[in-house]
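Each chain, written out:
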Amino acid sequence: HQLSLNATATVVACVPSTQPAADKFADPTVVLWKDLDAARIELSTLDDDAIDELLRRVLGGPVDAASVRLVADYTRGDPLFLREVLSGALESRALTDESGVWRVRGPLRPTTRLVDLVNLRLCRLDEAERHVLELTAIGEPLAQPALDELTEPAAVETLEDKGFLSSSVDGRRLQVQLANPVLTDVVRMGISPRRERELARALAEASGTSRQEDTLLLASLRLVGGGGDADLLLAGAKAARERRDFALTERLALRSEEHTSELQSHHDL
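Computed from a predicted structure; not experimentally measured.

(A) Local environment of the pattern of salt bridges. Across all of its chains, the model carries 15 salt bridges by this definition. Here Glu 84 makes a salt bridge to Arg 83, at a shortest N to O gap of 3.0 Å. Judged by relative accessible area, which is 4%, Glu 84 ranks as buried. Among the residues examined, Arg 83 registers a relative accessible area of 54% and is labelled exposed. One salt bridge in this structure joins Glu 98 and Arg 105, with 2.9 Å as the shortest N-O distance. Linked through salt bridges whose partners overlap, the residues forming this network are Glu 134, Arg 194, Arg 195 and Glu 198.

(B) Broad picture of the packing of aromatic side chains. Within this structure, the stated rule accounts for 0 aromatic pairs. Sitting over the face of the ring of Phe 164, Arg 121 holds its NZ or CZ atom 4.4 Å from the ring centroid.

(C) Layout of the side chain of Thr 111. As for its position among the elements, Thr 111 is in the loop between strand 2 (101-104) and helix 6 (112-122). Setting aside residues no more than four positions away along its own chain, Thr 111 makes contact with Glu 84 and Gly 88.

(D) Quick peek at the confidence of the model for the protein chain. Per-residue confidence for the protein chain gives a mean pLDDT of 85; residues scoring 70 or more make up 90%. Element-level pLDDT for the protein chain is lowest in helix 2 (residues 28-35), with a mean of 75, against a maximum mean of 96 in strand 2. Long-range and interchain partners of residues 20-25, a stretch whose pLDDT sits below 50, account for 3 contacts in this model, where long-range means more than four residues apart.

Thresholds, definitions, all that
- Residues numbered from 1 in each chain as written.
- Predicted model: local features only at pLDDT ≥ 70, side-chain atom pairs only at ≥ 80, totals over all residues.
- Heavy atoms only, no water.
- Salt bridge = Lys/Arg side-chain N within 4 Å of Asp/Glu carboxyl O.
- Buried < 20%, exposed > 50% of the residue type's maximum accessible area, 1.4 Å probe, protein only.
- Phe/Tyr/Trp six-rings, centres within 6.5 Å; stacked < 30°, edge-to-face > 60°.
- Lys NZ or Arg CZ within 6 Å of the ring centre and 35° of its normal.
- Helix = DSSP H or I, 4+ residues; strand = E, 2+ residues; numbered from the N terminus.
- Contact = heavy atoms within 4.5 Å.
- pLDDT = per-residue confidence, 0-100.

Here it is in structure tokens:
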């Protein structure tokens, strides 16, 4: 502000659009464009067409439409996320050139640098807010009643104001998820196996995850957190197969078979 006021330097300020609703202090950068005639340029997220064009320029060739959609869904058009995810996909060969057309053939993952950048934001959260993010990452999209039962509602509201969470309506139920799949992956990376088991068990036992449509979620949570029965796990396997998630289908089916064998062994004894 002082440099601009004295015209002693050219100042470029990059400011995130999401601001906490509880912030009572005026952003000093507002003064730059409001009172000092600074140019204000709104940079929105990139849409599919912009991502397609950007990928073509960077990769030097056409990109499969389905792959563009995968990249767009994973990064939600965030330019920083896009850059880092693209870099990581090229390094891991998840993104490859097949006869002149680039295609995604492996899982998209955040790079180490992107993980560090996201964790810089996460480390500013308090314990209650971090707990909300961990639960949501494990069970998203998570029904609001389950989240209210296991967390502090104020923390949920604060996280949505800060841009960490997003909410939507499914039928008559409000559900919550992390604002970006990249954020989900980073949060899950920071959860230990013991902690993941504890969170999964708590979610499975919460009353807000009892709808018939939550069969796959409940089965998946029981797979990690323990408990459940063979019928639930088998129903979850069928639901996973319908979604063509064959790896999860196999895990659930095997666990269901193990449950059945354990019960039979107990009965024989």
